[in-house]
Amino acid sequence: MSISDWIQEHLFQTYVTWRTKSPLYNSKGFHIDGINNSLKAMEDGIIAYTELYPPHAVQGCTSMKARIGKSLTMMDLYLELEGKCYVIENMTYAEGIRIMRDFVKKRVLPERSRYVETVEFDKHALEESFAELAQLLIGDSEQVKQFMSRVRVDSMELIDDSWYDLYEVLLSCNVAADLSLKIDKESLVDVVEKLAEPKGLNVNEASLDEDGFSTKWIEVINSSWQGYSLIDMDIGTDYYVLLVLSDEEFKRAEVLSRMLFHRMVLAEKA
C-alpha cells in the first residue's frame, strides 16, 4: 500500500483501492460511511444489492455482497471464499453494516460457523421469475419467448442487462413509456392516456394543478382510478418508465422484480 493510500484509509476513512458496486455506484474508492448509506437504501427499498471487492483477498475472501432477503426487513450476505460461494441468510441490516465495515476496516470475516456453502445465482429460479414477469407485462407469448432467449442470469451485470432488455421490449410494444421527471402537464397527460386507453381508463386533465409537478400529477391520476395504477419500472435513471397495471398485476410484479434484484413501485413514490 502506498503512503497516500494509507493516509486516505487511516486519516479520512476513504478506501481508494477497494471497489464497491450497487445500482447507485460502481467504482473504486469510497468512504466507509458509503456502506451505511448503501445498506440504508436497501432497507428503504430503493436498491436491491451492494457489493464490496477488496484489492487482495481478505482471509481468502474476494468479495462480500449484501442482497435483499425474502423479508423486506432482512438481507442475505454472500461471501466468495477461495473459489466457493457462501451465504448468511436473514441478517438484520444493522448487523450487515457492522460486518461489511469490519471487512473493510479490520480485514475480518464473520465467524465461519455462521455461513453455509451455496450457489450465488439460482439460475432456474431467476429465469422463471423473468419469464413470469415478462408474460405478466407483455402478454404476447411469442415476444416473451424472444425476450427469454436473450435472458442471462450468471452475474449481477447480466441480470441488469436482462432487466434493461425487458424495459426495451416493453417500450417497443407500447406497454411502457419513458419520460422526464420534469415533464410538463400536457405531455404527461398525452403519454398516460396512450398507456391507459387499452385498460379503458382516462385522465381528467382539469383535476391536475397547473402549478404542480409530475409526482403530484401522477398521485392525483392514481387516486382517480379504481383497481389500476401508474407504476414505475426502476432502471436506475433519472426518468420514469411508466406502465399501467391492475392492483393484482402490480402486487405480483413488485414481488417478481424484487426477486430479480430490481424494483417496480407506484410511480408517485419513485
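One can find the structure itself at the top, above this paragraph.
An account of the accompanying structure is given in this report. (Residues numbered from 1 in each chain as written. Predicted model: local features only at pLDDT ≥ 70, side-chain atom pairs only at ≥ 80, totals over all residues. Heavy atoms only, no water.)

1. As for the packing of aromatic side chains
Here is step 1: A full pass over the atoms with the stated rule returns 5 aromatic pairs.
Here is step 2: The cationic tip of Arg19 hangs over the ring face of Tyr53; the distance from NZ or CZ to the ring centre is 4.3 Å.
Here is step 3: The cationic tip of Arg67 hangs over the ring face of Phe261; the distance from NZ or CZ to the ring centre is 5.4 Å. (Phe/Tyr/Trp six-rings, centres within 6.5 Å; stacked < 30°, edge-to-face > 60°. Lys NZ or Arg CZ within 6 Å of the ring centre and 35° of its normal.)

2. Observations regarding the pairing of strand S1 (residues 14-21)
Here is step 1: One ladder, built from 5 bridges, connects S1 with strand S2 (residues 26-31); its direction is antiparallel. Note that in S2 the partner of Tyr15 across the bridge is Phe30.
Here is step 2: Between S1 and S2, which pair antiparallel in sequence order, lie 4 residues.
Here is step 3: Where S1 lies against strand S3 (residues 49-53), 3 bridges are found, and the strand directions are antiparallel. Following the sheet pairing, Lys21 is matched in S3 by Glu51. (Pairing = 2+ DSSP bridges. Helix = DSSP H or I, 4+ residues; strand = E, 2+ residues; numbered from the N terminus.)

3. A short note on the state of the cysteines
The bond known as a disulfide is covalent and runs between the sulfur atoms of two cysteines.
Here is step 1: On inspection of all chains with the given rule, the structure shows 0 disulfides.
Here is step 2: The closest cysteine sulfur to the non-disulfide-bonded Cys61 is located on Cys85, 9.7 Å from its own sulfur.
Here is step 3: Cys61 gets classed as buried once you look at its relative accessible area, which sits at 0%. (Disulfide = S-S within 2.5 Å. Buried < 20%, exposed > 50% of the residue type's maximum accessible area, 1.4 Å probe, protein only.)

4. Considering helix H2 (residues 33-43)
Here is step 1: Buried within H2 are the following residues: Ile35, Ser38, Leu39, Ala41 and Met42. Seen from one end, H2 has its buried residues packed into an arc of 150°, which puts them on one side.
Here is step 2: Looking at the buried positions of H2, the neighbouring elements they touch are S2, S3, strand S4 (61-68), strand S5 (74-81) and helix H3 (93-105).
Here is step 3: Just downstream of H2, Gly45 is the residue with a positive phi angle, here 80°. (Arc of directions from axis to C-beta. Contact = heavy atoms within 4.5 Å.)

5. Here's the deal with the sheet that holds strand S9 (residues 228-233)
Here is step 1: Across the sheet, 4 strands lie side by side as S8-S10-S9-S11; this open sheet has antiparallel pairing. The two strands at the open ends of the sheet, each matched to only one other strand, are strand S8 (177-180) and strand S11 (264-266). The mean inter-strand angle of the sheet, taken between neighbouring strand axes irrespective of direction, is 40°.
Here is step 2: Sheet topology places S9 next to strand S10 (residues 239-246); 5 bridges connect them, and they run antiparallel. Pairing of Ile231 across the sheet is with Leu243, part of S10.
Here is step 3: Helix-sheet contacts for helix H6 (residues 156-172) involve S8, S9, S10 and S11, and the interaxial angle to S9 is about 135°. (Axes fitted to C-alpha atoms, helices over the stretch in contact; angles between N-to-C directions.)

6. Here's the deal with the pattern of salt bridges
Here is step 1: Scanning all chains against the criterion turns up 17 salt bridges.
Here is step 2: The salt bridge partner of Asp102 is Arg98, with a shortest N-O separation of 3.7 Å. Linking Asp102 with Arg98, this pair stays in helix H3, spanning 4 residues, or about one helical turn.
Here is step 3: Relative accessible area serves as the criterion here: at 17%, Asp102 is assigned to the buried category.
Here is step 4: The shortest N-O distance in the salt bridge between Glu219 and Lys216 comes to 3.9 Å. Residue Glu219 and its partner Lys216 are both found in helix H8 (residues 214-224); the two are separated by 3 residues, about one turn of the helix.
Here is step 5: On the basis of relative accessible area, Lys216 is assigned to the partly exposed category, the value being 38%. (Salt bridge = Lys/Arg side-chain N within 4 Å of Asp/Glu carboxyl O.)

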